[in-house]
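# Structural overview for review
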Amino acid sequence: MKLIIYITLFLTFFSSLPKLSEVREEYTKAPGNKEVTTKLYNLLSDVSKNDKKVYVAYKGASCMMMAKYTKAKKEKKTLFKEGAGLIEFAVSEAPKDIEIRIIRLSIQENAPKFLKYRSNIQEDRQFVLDNYNKIKSESVKFFVRSYVLQSDIFSETEKELF
């Protein structure tokens with residue numbers, strides 16, 4: 001039993017994953033900013049599908065945002081597909097995680113229509129409306145509220161609920 005506790009503590013203190021608060025902060029500053037997007041992408045480079053699914057979703061989003069700043073068409077397509085796959089994986093593994101849903105929603109809302117990655121906007125929007133009041137973490141609540149208030153897919157009446 002002690003061994004399990006020591007291993008858990010060791011992994012917690014020596015994990016290469018960044019703090020989630022730092023990831024959230026960089027994510028909110030990244031759109032339209034190549035330097036911040038690159039920083040976020042590099043910050044999440046060690047994330048794998050075995051990590052917490054919220055990290056996987058952020059990594060997917062950072063891949064998709066990096067595609068905007070890549071010159072080669074093949075690399076753009078690769079980054080976009082990899083990112084979408086990571087986000088969809090995270091949603092399938094943690095479908096009730098509102099932070100993961102807001103990440104997918106933010107990416108789909110801002111993805112160009114020709115990429116055809118917009119099919120879950122209404123589903124995620126409704127999920128956020130239905131589950132916002134169930135959020136226990138103040139930092140997640142703030143993150144979701146901040147996104148909703150600047151989003152174009154929520155009506156002014158809906159925004160008043162936040």
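Think of each chain on its own: its residues are numbered from 1, step by step along the sequence as written. Where totals are concerned, whole chains, interfaces and linings use all residues; where local detail is concerned, this predicted model gives features only for residues with pLDDT of at least 70, and gives and counts side-chain atom pairs only at 80 or more. Side-chain metrics in this entry use all non-hydrogen atoms of the structure; hydrogen atoms and water are not considered.

Turning next to the nonpolar core. Side-chain atoms within 4.5 Å are what join buried Ala, Val, Leu, Ile, Met, Phe, Trp, Tyr and Cys residues into a set we call a nonpolar core. For each residue, the accessible area found with a 1.4 Å probe, counting protein chains only, is set against the maximum for its type, and the residue is called buried under 20%, exposed over 50%, and partly exposed in between. With 46 residues, the main nonpolar core has Tyr-27, Tyr-58, Ile-102, Ile-107, Val-128 and Val-144 as its most contacted residues. Looking at this core, the elements with two or more residues in it are helix H2 (20–29), helix H3 (34–43), helix H4 (53–67), helix H5 (73–93), helix H6 (98–110), helix H7 (121–131) and helix H8 (138–150). Ignoring sequence-local partners within four residues, the contact set of Val-144 consists of Ile-98, Ile-102, Val-128, Tyr-132, Ile-135 and Phe-162. A run of DSSP states H or I qualifies as a helix once it reaches four residues; a run of E qualifies as a strand once it reaches two. Both are numbered from the N-terminal end. Between two residues, a contact is recorded if the distance between any of their heavy atoms is within 4.5 Å.

For the rest of this paragraph, the subject is H8. For an α-helix the count is 3.6 residues per turn, leaving residues at separations of three or four pointing the same way. Multiplying 1.5 Å by the residue count of a helix minus one yields the expected span of that helix. An ideal rise of 1.5 Å per residue puts 18 Å on 13 residues; H8 measures up with 19 Å between its terminal C-alpha atoms. Every buried residue of H8 is accounted for by Val-140, Lys-141, Phe-143, Val-144, Tyr-147 and Val-148. What you see down the axis of H8 is that its buried residues fit within an arc of 160°, all on one side. The exposed set on the far side of H8, more than 90 degrees from its buried face, consists of Glu-138 and Phe-142. As used here, the arc is the angular range of directions from the helix axis to the C-beta atoms.

The next thing to look at is the confidence of the model for the protein chain. Overall, the prediction assigns the protein chain a mean pLDDT of 91, with 91% of residues at 70 or greater. The score called pLDDT rates the predictor's confidence residue by residue, from a low of 0 to a high of 100. Overall, residues 8–14 carries pLDDT values under 50, and its contacts beyond four positions in sequence, including any with other chains, amount to zero contacts.

Take the packing of aromatic side chains next. Pairing of aromatic rings covers Phe, Tyr and Trp, the last counted by its six-membered ring, and requires centre-to-centre distances within 6.5 Å; plane angles under 30 degrees mean stacked, over 60 mean edge-to-face, and any other angle means tilted. Scanning all chains against the criterion turns up six aromatic pairs. Centre to centre, the rings of Phe-154 and Phe-162 are 6.1 Å apart; their planes meet at 70°, and the pair counts as edge-to-face. When sorted by exposure, Phe-154 lands in the same class as Phe-162, which is buried. Of the aromatic side chains, those joined through ring pairs into one cluster are Tyr-27, Tyr-58 and Phe-143. The criterion for a charge sitting over a ring is simple: Lys NZ or Arg CZ within 6 Å of the ring centre, and within 35 degrees of the ring normal. Residue placement shows Lys-49 over the ring face of Phe-89; its charged tip is 4.7 Å from the ring centre.

Convention adopted: a line fitted to C-alpha atoms gives each axis, helices being fitted over their contacting stretch, and angles between N-to-C directions are expressed from 0 to 180 degrees. Their axes nearest at 13 Å, the elements H2 and H6 cross at an angle of 20°. Looking at the two axes, H2 sits roughly parallel to H6. In this structure, H2 crosses over H6, and the sense of that crossing is left-handed. Contact residues: H2 offers Leu-20, Arg-24 and Tyr-27, while H6 offers Glu-99, Ile-103, Ser-106 and Ile-107. Any residue outside Ala, Val, Leu, Ile, Met, Phe, Trp, Tyr, Cys, Pro, Asp, Glu, Lys and Arg is labelled polar, Gly included; the first ten of those are nonpolar and the last four are charged. Along the lines of polarity and charge, the residues of the contact of H2 with H6 split into four nonpolar, one polar and two charged. Each angle is binned into one of four classes, with values under 35 degrees roughly parallel, values over 145 roughly antiparallel, values of 65 to 115 roughly perpendicular, and all other values oblique. Crossing handedness follows the turn of the near helix against the far one: under a right angle anticlockwise gives a left-handed crossing, and clockwise gives a right-handed one.

Topologically, Lys-29 is positioned in helix H2. Taking C-alpha positions, Lys-29 is 9.6 Å from Leu-40, a pair spaced eleven residues apart along the chain.

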